[in-house]
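Residue-level structure breakdown
Now for the letters of each chain:
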Amino acid sequence: MNILFVEDETKIANFVRAGLKEQGFVVDYCDNGDEGYLRALDNEYDAIVLDIMVPGKDGLSILKQLRHSGRNTPVILLTARNELDDRLFGLNLGADDYIAKPFFVEELAARIHAVVRRSVGDVYDGLRLRQNLLVVGSLKLDRITREVTYNQRAIELTSREFNLLEYLMRSPGRVFTRTQILEHVWGYDFNPNTNVVDVCIQRIRKKIDPIDDAGLIESIRGVGYRFRKPDDESIQNSK
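Computed from a predicted structure; not experimentally measured.

Before going further, it helps to examine the nonpolar core. Counting 28 residues, the largest nonpolar core has L139, L164, L165, I181 and F227 as its most contacted members. Of all the secondary structure elements, the ones that give two or more residues to this core are β8 (133-136), β9 (139-142), β10 (147-150), α6 (159-169), α7 (178-186), α8 (196-212) and β14 (224-227). In terms of residues, this core owes the most to one element, α6, which gives 6 residues. Contact partners of L165, with chain neighbours within four places excluded, come to L139, L141, V148, L157, I204, I208, I217 and F227. If you look at the next biggest cluster of nonpolar residues, it comprises 21 residues, including I3, V27, V105 and I112.

See below:
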């Protein structure tokens, strides 16, 4: 699962990030509310773990603005405050859960899974999200079992290939730059001139396209890549 984690306490942030990554989460991290709010608007996440007391926009302001903008991404509020009024205020703003410091990472992971399970069932732009299953056209990707099939035929992907494909599939039709893909899939900065993204894309294509000349991943010259929407046939000759 792709998680946005907004927390300004370095020790807590490092501990939580390491723990969630060990359990298979892809963690997009920032340490201030202004950046966290922009990332939440610009990207699709399975869930957001949001500390209330962060620099810039505080967590409750971020939550309120996300809900007013129509964003229904599950949000777990993280804070040292544990008074009943604070919990109720956050929940009434639209938070899906509330966890007080200190806590165990295992508990946080369990709560993330719980809020995501409750949120399944969204339908938009040909992308169906059902119990951790992404379906775009004939391609199916299960984020729990990490199984991928195309026209009911199994596709064997490495962990990195799976994460990259999932990232693109979550937003069919949206163009992602190589830098965005590096940050979200590899999790750290690379030399911008590296070709690891292109190499990984080519490996995925070689595994999927031969089955039915799928042409699912489009190259956008000078920019990056996008995953074709089911009704978009424009990329069949763009590989």
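Next comes the rest of the account.
Moving on, we get to the sheet that holds β14. With respect to topology, 3 strands assemble into an open sheet ordered β12-β14-β13, the strand pairing being antiparallel. Strands with a single pairing partner mark the edges of an open sheet, and in this sheet they are β12 (175-177) and β13 (217-220). The mean inter-strand angle of the sheet, taken between neighbouring strand axes irrespective of direction, is 30°. Judged from the 3 bridges that link them, β12 and β14 form a sheet pairing that is antiparallel. Counted as the bridge partner of V175 is R226 from β14. Contacts from α6 reach β12, β13 and β14, with the element oriented near 70° to β14. Packing of α7 onto the sheet brings it into contact with β12 and β14, and relative to β12 it is tilted by some 80°.

What follows covers the pairing of β10. Here β10 shows one buried face, formed by V148 and Y150, and one open face, formed by E147 and T149. The pairing of β9 with β10 spans 4 bridges and is classified as antiparallel. The residue of β10 that forms the bridge with L139 is Y150. The turn joining β9 and β10, which pair antiparallel and follow one another in sequence, is formed by 4 residues; a positive phi near 60° is taken by R146. In the sheet, β10 pairs with strand β11 (residues 153-155) via 3 bridges, with the strands oriented antiparallel. Paired with Y150 across the two strands is R153, which belongs to β11.

What follows covers the sheet that holds strand β5 (residues 97-100). With respect to topology, 5 strands assemble into an open sheet ordered β2-β1-β3-β4-β5, the strand pairing being parallel. A single partner strand is all that each edge strand has here, and the edge strands are β2 (26-30) and β5. Ignoring strand direction, the axes of neighbouring strands in this sheet form an average angle of 20°. Direction of pairing for strand β4 (residues 75-79) relative to β5: parallel, over a ladder of 4 bridges. Among the inter-strand pairings, T79 is bridged to a residue of β5, identified as A100.

Our next topic: the packing of aromatic side chains. Summed over the entire model, instances satisfying the criterion amount to 2 aromatic pairs. Ring geometry for F5 against Y29: centres 5.9 Å apart, planes inclined by 45°, an arrangement best described as tilted. On the criterion of sequence distance, the pair formed by F5 in strand β1 (residues 2-6) and Y29 in strand β2 is long-range, its members being 24 residues apart. The same class applies to F5 and to Y29, which are both buried. One cation-aromatic arrangement involves K57 over Y37; the distance from NZ or CZ to the ring centre is 5.2 Å.

Further remarks concern the environment of N92. Within the secondary structure layout, N92 lies in helix α4 (residues 84-93). The class for N92 is exposed, based on a relative accessible area of 68%.

Cut-offs applied
- Residues numbered from 1 in each chain as written.
- Predicted model: local features only at pLDDT ≥ 70, side-chain atom pairs only at ≥ 80, totals over all residues.
- Heavy atoms only, no water.
- Core = buried A, V, L, I, M, F, W, Y, C linked by side-chain atoms within 4.5 Å.
- Buried < 20%, exposed > 50% of the residue type's maximum accessible area, 1.4 Å probe, protein only.
- Helix = DSSP H or I, 4+ residues; strand = E, 2+ residues; numbered from the N terminus.
- Contact = heavy atoms within 4.5 Å.
- Pairing = 2+ DSSP bridges.
- Axes fitted to C-alpha atoms, helices over the stretch in contact; angles between N-to-C directions.
- Phe/Tyr/Trp six-rings, centres within 6.5 Å; stacked < 30°, edge-to-face > 60°.
- Lys NZ or Arg CZ within 6 Å of the ring centre and 35° of its normal.

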